[in-house]
Amino acid sequence: MGQPVRDYLLTLCVTAAVTYLLTGPVRKFAIAVGAMPAIRARDVHREPTPRLGGIAMFGGLCAGLIVADHLFNLKGVFELSNEPRALLSGAALIWLIGVLDDKFEIDALIKLGGQMIAAAVMVIQGLTILWLPIPGVGTVALTQWQGTLLTVALVVITINAVNFVDGLDGLAAGMVCIASAAFFLYAYRLWMGYGIEAAAPATLFAAILMGMCLGFLPHNMHPARIFMGDSGSMLIGLVLAAGAISITGQVDPDNMQIFGSERGATHAMLPVFIPLVLPLTIIAIPAADLVLAIVRRTWNGQSPFAADRGHLHHRLLEIGHSHSRAVLIMYFWSALIAFGAVGYSVHSASMWIVFVIIAASTMGLVLLLMPRFTPRAPYWANRIVPPRYRRATEQDSSSSHEEQPASGASGAQQGSADAPMDEESDERAPVAVGVSGVNGATAIGARSRFPDRRSIDSSH
């Protein structure tokens, strides 16, 4: 039982390593071909940043599948199922559409049609929903057309939910990584705990998806050096949907033979299927953001695909949260919902799980309503936490008094230079492309890890 874990870990590490190593050259390629769109009104970043990060993520996906095909405990997935090939076919198509959109900004309806075609390609190769567990009724078999329509709808919803939430540095990749980690735990439990071979492809998809996100995150955390673009967001959304389709529509709950009759099995397994049915529980926050965006835009007389600044992450910034804090809050809620649902599916009769979820939700609401609260680490942890969370010592206070300017004029000038940046905010001042010495997204060279936080017009 330990060998599959090592194989999955190796697949994850190879996928992450390939994605990480490819992202740097892809960034230079994106700059060379001009895949750096101008900053739009709804954007929160301050520098033109290259996209096309999905190219590196697709390379990691291919590497993960190739490695898994040559591992002793995972090669059976490719021999007994056609789902990995179906995933690769659909992923290649949706990735190509995303690359074209990142470079040429294709129409939203064309992208929607491409998403439906990619889902249909997977259905043709066998990755489809065959039945659904209905509480009180049992397992309901779907006709070919019903399964096809439900599969296409699930793929399109998941892709657009992930695409809509991709608005802050590291947000989409981190949330999908959290969701795929929870999904992996559940799928692995079905396969190794109950011996259900049909859950093996979904387990592999989740491990590869985690590697894709983990390999890309170091380049995408704030301040991001590259964006995944639609080529990346639609790709990871499709992989997440493929895993949910594989395990929700292919695994018969009566095969577990631990609940007796088929109707009793489906009713008792309702908590187990909470993280899987139309995987809206695992991607609850992106799905809620998607629904709210459609209602908001339709109410305002706009197209449901029209971009705006009304997403959940935009509202977090508006109430005073910094960029990093907004991302961490979204991470927290994603982990709470995903792992809480998985934990409840394992021990649905344990009330302590419900109490833990309620306590964590209360803590999350407190952090959500206190945007200006900055926790301070103990003195012994000052060396390992970021500077904004360190406690000021007496030595720091005395040195800061000695460094104050002697004249009032120079002090006022220094204050005006530092005014654009708040101590608790990690937002950078707008940077013009033509400014000399600017690094990061506006240059191919390395970027300083400590960006200049002074305003451009400052003489310092």
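Remember, it's a predicted structure, so these values are computed and weren't measured experimentally.

**Points about the overall build of the chain**
Broken down by element type, the chain carries 16 helices and 2 strands. In the chain, which comprises 460 residues, the proportion classed as buried is 48%. For the chain, the exposed area adds up to about 21700 Å²; of that, 65% sits on carbon and sulfur atoms.

**A closer look at the side chain of Asp169**
When you line up the elements, Asp169 lands in the loop between α6 (144–165) and α7 (171–194). When its relative accessible area of 5% is taken as the criterion, Asp169 is described as buried.

**Observations regarding helix α5 (residues 108–124)**
Relative to the 24 Å expected for 17 residues at 1.5 Å per residue, α5 spans 25 Å between its end C-alpha atoms, a close match to the ideal helical length. The opening residue of α5, the one whose side-chain oxygen lies 3.0 Å from the backbone nitrogen of Leu109, is Asp107.

**A closer look at the environment of Gly90**
Of note, Gly90 is situated in helix α4 (residues 83–104). Separated by 27 residues in sequence, Gly90 and Ile117 have C-alpha atoms that sit 8.2 Å apart. Apart from the residues lying within four places of it in its own chain, the contact partners of Gly90 are Ala118, Val121, Met122 and Leu238.

**Notes on the packing of helix α2 (residues 54–69) against helix α8 (residues 200–220)**
Packing of α2 against α8 leaves a shortest axis separation of 9 Å and a crossing angle of 140°. What the angle tells us is that α2 and α8 run oblique. In this structure, the crossing between α2 and α8 has a hand that is right-handed. Here Met57, Leu61, Gly64, Leu65 and Ala68 of α2 come into contact with α8, specifically with Leu204, Ile208, Met212 and Phe216. Looking at the contact of α2 with α8, its residues break down into 8 nonpolar, 1 polar and no charged.

**As for the pattern of salt bridges**
Tallied over the full model, the rule gives 3 salt bridges. Across the pair Arg51 and Glu105 runs a salt bridge whose closest N-O atoms are separated by 2.7 Å. Pair noted here: Arg51 is in the loop between α1 (2–32) and α2 and Glu105 is in the loop between α4 and α5, with a separation of 54 residues, a long-range link. Note that Lys111 and Asp101 form a salt bridge whose closest N and O atoms lie 3.6 Å from each other. Within this pair, whereas Lys111 is found in helix α5, its partner Asp101 is found in helix α4, the two being separated by 10 residues in sequence. Overall, Lys111 belongs to the buried group, its relative accessible area being 14%. Here the salt bridges do not stand alone but share partners, grouping Asp101, Lys111 and Asp230 into one network.

**Examining the packing of aromatic side chains**
What the rule picks out here adds up to 6 aromatic pairs. Centroid distance Tyr8 to Tyr188: 6.1 Å. Interplanar angle 80°. Geometry classified as edge-to-face. One end of the pair, Tyr8, is in helix α1; the other, Tyr188, is in helix α7, with 180 residues separating them in the sequence. Tyr188 carries the same exposure label as Tyr8, and that label is buried. Aromatic side chains Tyr8 and Trp191 sit 6.0 Å apart centroid to centroid with 85° between the ring planes, which places their arrangement in the edge-to-face category.

**Focus on a nonpolar patch on the surface**
A cluster of nonpolar residues, Trp352, Phe355, Val356 and Ile358, forms a patch on the protein surface that exposes about 460 Å² of accessible area. For Ile358, the location among the structural elements is in helix α14 (residues 351–368).

**Some points on the side chain of Asp230**
Along the chain, Asp230 turns up in helix α9 (residues 229–250). A distance of 2.8 Å separates the side chain of Asp230 from the side chain of Lys111, its partner in a polar contact. The contacts of Asp230, once residues within four sequence positions are left out, are Gly98, Asp101, Asp102, Lys111, Asn163 and Leu235.

**A look at the nonpolar core**
Grouped together as the largest cluster of nonpolar side chains are 91 residues, with contacts concentrated most on Leu61, Leu204, Leu235 and Leu238. Beyond its immediate stretch of four places on either side in the chain, Leu204 contacts Tyr8, Thr11, Leu65, Ala68, Leu74, Val77 and Phe78.

**Quick look at unusual backbone geometry**
Here the bond from His222 into Pro223 is cis, since omega is -5°, no more than 30 degrees from zero. Among the secondary structure elements, Pro223 is positioned in the loop between α8 and α9. The phi angle at Leu52 is positive, at roughly 70°, despite the residue not being glycine. Turning to its location among the elements, Leu52 is positioned in the loop between α1 and α2. Residues other than glycine seldom take positive phi values, yet Glu105 does so here, at roughly 55°.

**Remarks on the environment of Leu10**
Here Leu10 is to be found in helix α1. In sequence terms Leu10 and Ala207 are 197 residues apart; their C-alpha atoms lie 9.6 Å from each other.

**Some remarks on the confidence of the model for the chain**
Scored by pLDDT, the chain has a mean of 75; 64% of the residues are at 70 or more. For the chain, helix α16 (residues 408–418) is the element with the lowest average pLDDT, namely 42, and α2 is the one with the highest, namely 96. pLDDT under 50 marks residues 257–264. Its contacts with residues more than four places away, or in other chains, come to 13 contacts.

Reading the values: the criteria
- The written sequence of each chain sets the order in which its residues are numbered from 1.
- With pLDDT at 70 or above as the cut-off, local features in this predicted model cover only qualifying residues; side-chain atom pairs require 80 or more to be listed or tallied, and sums for whole chains, interfaces and linings still use all residues.
- The side-chain quantities take in all heavy atoms of the structure and omit both hydrogens and water.
- A helix here means a DSSP run of H or I that spans at least four residues, while a strand means a run of E at least two residues long, and both kinds are numbered starting from the N terminus.
- For every residue, the accessible area obtained with a 1.4 Å probe (protein chains only) is divided by the maximum for its type, and the residue is called buried under 20%, exposed over 50%, and partly exposed between those limits.
- Note on areas: Shrake-Rupley, 1.4 Å probe, and residue coverage restricted to the protein chains presented here.
- Working rule for helices: expected span equals 1.5 Å times residues minus one.
- Nitrogen and oxygen atoms within 3.5 Å of one another constitute a polar contact, given that in protein one can donate a hydrogen and the other can accept it, and given that sequence-neighbouring residues count only through two side-chain atoms.
- Between two residues, a contact is recorded if the distance between any of their heavy atoms is within 4.5 Å.
- Angles shown run from 0 to 180 degrees and are taken between the N-to-C directions of axes, each axis being a line fitted to C-alpha atoms and, for helices, limited to the stretch in contact.
- Put simply, angles under 35 degrees are roughly parallel, angles over 145 are roughly antiparallel, angles from 65 to 115 are roughly perpendicular, and the rest are oblique.
- If you view the pair so one helix is near and one far, a crossing is left-handed when the near helix is turned anticlockwise from the far one by less than a right angle, and right-handed when it is turned clockwise.
- Throughout this entry, Asp, Glu, Lys and Arg are counted as charged residues, while Ala, Val, Leu, Ile, Met, Phe, Trp, Tyr, Cys and Pro are counted as nonpolar. The remaining residues, Gly among them, count as polar.
- Salt-bridge detection follows one rule: a side-chain nitrogen of Lys or Arg within 4 Å of a carboxyl oxygen of Asp or Glu.
- Between the rings of Phe, Tyr and Trp (Trp by its six-membered ring), a pair exists once the centres lie within 6.5 Å; its type follows the angle of the planes, with under 30 degrees stacked, over 60 edge-to-face, and the other angles tilted.
- For patch detection, residues must exceed 30% relative accessible area and be free of salt bridges, and they are connected within 9 Å for like charges or within 5 Å for nonpolar side chains (Val, Leu, Ile, Met, Phe, Trp, Tyr).
- Working definition of a nonpolar core: buried Ala, Val, Leu, Ile, Met, Phe, Trp, Tyr and Cys residues. They are joined through side-chain atoms within 4.5 Å.
- You can read pLDDT as the predictor saying how much it trusts each residue, on a scale of 0 to 100.

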